[in-house]
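Below are the chains, spelled out letter by letter.
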Amino acid sequence: MSDSHQTRAQQLIGDFAPKLVELTDDVLFGDVWERKELSPRDRSLVTVASLVTSGSTDQLRGHLARARANGLTETELKEAIIHLAFYAGWPKAISAITLAKAVFAEA
């Protein structure tokens with residue numbers, strides 16, 4: 001789309017989708033897993049939090065299992081998810097809690 005056909009908001013924002021993807025890849029999933037000062041528990045918690053707020057339940061199951069393997073308890077994860085509910089919305093949080101219960105039941 002040419003600049004002349006864009007709304008004023010589109011002109012001001014620019015093409016933010018590629019920037020958002022790059023930010024997510026580089027800062028969250030790249031940087032978080034490469035930071036040596038973060039414990040595996042912290043890395044798992046950050047990743048789970050991101051997936052909960054984005055509603056990525058298809059990826060969440062595996063990361064909840066990894067969080068469990070990295071020492072996070074079901075209670076800790078459920079508490080973190082409840083705190084995220086105000087940002088992610090209650091439907092996403094309830095789905096994540098239900099999934100966390102299932103993951104820990106499988107253990």
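Look up a bit, the structure's there.
Residues numbered from 1 in each chain as written. Predicted model: local features only at pLDDT ≥ 70, side-chain atom pairs only at ≥ 80, totals over all residues. Heavy atoms only, no water.

Asks: Please set out the packing of helix H5 (residues 74–88) against helix H6 (residues 90–106) residue by residue, giving values where relevant.
Replies: Geometrically, a packed helix pair is captured by the angle between its two axes and the distance between the axes. Orientation of H5 relative to H6, taken along the N-to-C sense of each, is 165 degrees, at an axis distance of 8 Å. With respect to H6, the axis of H5 lies roughly antiparallel. Along this stretch, H5 crosses H6, giving a crossing that reads as right-handed. Judged by residue contacts, Glu 74, Leu 77, Lys 78, Ile 81, Ile 82, Ala 85, Phe 86 and Ala 88 of H5 engage Trp 90, Lys 92, Ala 93, Ala 96, Ile 97, Ala 100, Lys 101 and Phe 104 from H6. Looking at the contact of H5 with H6 residue by residue, the class counts come to 12 nonpolar, no polar and four charged. (Axes fitted to C-alpha atoms, helices over the stretch in contact; angles between N-to-C directions. Helix = DSSP H or I, 4+ residues; strand = E, 2+ residues; numbered from the N terminus. Parallel < 35°, antiparallel > 145°, perpendicular 65-115°, else oblique. Left-handed = near helix turned anticlockwise from the far one by under 90°. Contact = heavy atoms within 4.5 Å. Nonpolar A, V, L, I, M, F, W, Y, C, P; charged D, E, K, R; others polar.)

Asks: Go over helix H3 (residues 40–54), please, and point to the residues and values.
Replies: For H3, with 15 residues, the first-to-last C-alpha span of 21 Å sits near the 21 Å given by 1.5 Å per residue. Every buried residue of H3 is accounted for by Arg 43, Ser 44, Thr 47, Val 48, Ser 50, Leu 51 and Val 52. Of the residues one or two after H3, Gly 55 is the one with positive phi, at around 75 degrees. (Expected span 1.5 Å × (residues − 1). Buried < 20%, exposed > 50% of the residue type's maximum accessible area, 1.4 Å probe, protein only.)

Asks: Quick rundown of the pattern of salt bridges? Include the residues and the values.
Replies: Under the criterion given, the structure shown has three salt bridges. A salt bridge links Glu 76 to Arg 41; the nearest nitrogen and oxygen atoms lie 3.0 Å apart. Of this pair, Glu 76 sits in helix H5 while Arg 41 sits in helix H3; the two residues are 35 residues apart in sequence, bridging distant segments of the chain. For Arg 41, a relative accessible area of 31% gives the class partly exposed. The partner of Arg 61 in a salt bridge is Glu 106, with the nearest N and O atoms 2.7 Å apart. With Arg 61 in helix H4 (residues 57–69) and Glu 106 in helix H6, this residue pair connects regions lying 45 residues apart in the sequence. Of the residues examined, Arg 61 reaches a relative accessible area of 34% and is grouped as partly exposed. Take Glu 106: its relative accessible area is 56%, and that puts it in the exposed class. (Salt bridge = Lys/Arg side-chain N within 4 Å of Asp/Glu carboxyl O.)

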